[in-house]
Amino acid sequence: MAILPRYERLGVRAAQPRELDFANLRESARLGQTISQTVDRMAEFTYKTAAAKAEQQGQKAVMDRGAQSVLGDIAKKGGANTIAERAAYDLGSRIASAELQTQAEIDISRILEDGQRNKTPFSTIRSQLADITDGYPASMANIDPAVATMLRTNLSEASAKAGARYADWYAGVLEDQTKVKLSNAVSLGTANIK
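Residues numbered from 1 in each chain as written. Predicted model: local features only at pLDDT ≥ 70, side-chain atom pairs only at ≥ 80, totals over all residues. Heavy atoms only, no water.

Caption draft 1: Quick peek at the overall build of the protein chain. The number of helices and strands found in the protein chain is six helices and zero strands. N-terminal to C-terminal, the α/β element order of the protein chain is α-α-α-α-α-α. Classification of the 194 residues of the protein chain by burial places 24% in the buried group. Sequence separation of 24 or more characterises 66% of the internal contacts of the protein chain that already satisfy a separation of 6 or more. (Helix = DSSP H or I, 4+ residues; strand = E, 2+ residues; numbered from the N terminus. Buried < 20%, exposed > 50% of the residue type's maximum accessible area, 1.4 Å probe, protein only. Contact = heavy atoms within 4.5 Å.)

Below, the structure is given as structure tokens:
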């Protein structure tokens, strides 16, 4: 608004506008923020609930169909992509590793029993134990390399202990055989002297 000099000389001043209070706009903005925060909390709750349900479905699939079957299906698809598949993959890896370790330990025991029954040379037993230590983790390597590494470590320890037990046993067998041969040689030598 223009200030005219003739009104100014008379002492009339232009009215200064007071600050306007935009309370309705502030309340609208606050309401929008409140609604946005509420919707965010609801979405987060919904997502967490759906994610938990998907994890349960993935774990149930492992329990129903078996770890190795589910892991094979996930590997064929190119990996775990959904929450359910990731949960199934994690649980399946752990279960498959435990199953493989149990089976490997059974095989190690069987190798030792057969070796003792047949008095198999230690080198053959060591080779068979190495096959177990290498073979079982190799079956997990393409599915979960980290789990395969842990399995290899566990089986290496079990094979080393089994190998040490068998080596001690086999050394005793060789010692007994040497005593028998020595005893036979002494007996034969004594018989030849008479």
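Caption draft 2: Highlighting the nonpolar core. Core analysis: the largest hydrophobic core is formed by 27 residues, its most contacted members being Val 62, Ile 108, Ile 125, Ile 132, Tyr 136, Met 140 and Leu 151. Setting aside residues up to four positions removed in sequence, Ile 108 forms contacts with Leu 129, Ile 132, Ala 158, Ser 159 and Ala 162. (Core = buried A, V, L, I, M, F, W, Y, C linked by side-chain atoms within 4.5 Å.)

Caption draft 3: Representation of helix H3 (residues 67–76) in the model. For H3, the full list of buried residues reads Ala 67, Val 70, Leu 71 and Ile 74. Take H3 and look down its axis: the buried residues cluster within an arc of 100°, on one side only. Looking at the packing, one finds that the buried side of H3 touches helix H2 (23–65) and helix H4 (83–118). Of the residues one or two after H3, Gly 78 is the one with positive phi, at around 100°. (Arc of directions from axis to C-beta.)

Caption draft 4: Region of interest: the packing of aromatic side chains. If you walk through the whole model with that rule in mind, you get three aromatic pairs. A centroid spacing of 6.5 Å and a plane angle of 15° characterise the contact between Phe 122 and Tyr 166, whose relative ring orientation is stacked. Of this pair, Phe 122 sits in helix H5 (residues 122–141) while Tyr 166 sits in helix H6 (residues 145–193), and the two are 44 residues apart along the sequence. Residue Phe 122 is classed as partly exposed on the basis of its relative accessible area of 24%. Note on Tyr 166 and Tyr 170: the rings are 6.0 Å apart at their centroids and 15° apart in plane angle, and the pair reads as stacked. (Phe/Tyr/Trp six-rings, centres within 6.5 Å; stacked < 30°, edge-to-face > 60°.)

Caption draft 5: The environment of Lys 119, seen in detail. Mapped onto the fold, Lys 119 is located in the loop between H4 and H5. Counting along the chain gives 50 residues from Lys 119 to Trp 169, while the straight-line C-alpha distance between them is 9.7 Å. Beyond its immediate sequence surroundings of up to four residues, Lys 119 is in contact with Tyr 166, Trp 169, Tyr 170 and Val 173.

Caption draft 6: A look at a nonpolar patch on the surface. A cluster of nonpolar side chains, Leu 20, Phe 22 and Leu 25, forms an exposed patch at the surface whose accessible area comes to about 340 Å². Within the secondary structure layout, Leu 25 lies in helix H2. (Patch = residues over 30% accessible without salt bridge, like charges linked within 9 Å, V, L, I, M, F, W, Y side chains within 5 Å. Areas by Shrake-Rupley, 256 points an atom, 1.4 Å probe, with all protein chains shown as cover. Salt bridge = Lys/Arg side-chain N within 4 Å of Asp/Glu carboxyl O.)

Caption draft 7: Structural detail: the pattern of salt bridges. Throughout the structure, instances matching the rule amount to nine salt bridges. Here Asp 114 ties to Arg 117 by a salt bridge, and the two come within 2.9 Å at their closest N and O atoms. Within this pair, Asp 114 and its partner Arg 117 are both found in helix H4, separated by three residues, close to a single helical turn.

Caption draft 8: Representation of the environment of Ala 61 within the structure. Inspection of the secondary structure puts Ala 61 in helix H2. Separated by 23 residues in sequence, Ala 61 and Ala 84 place their C-alpha atoms 9.0 Å apart.

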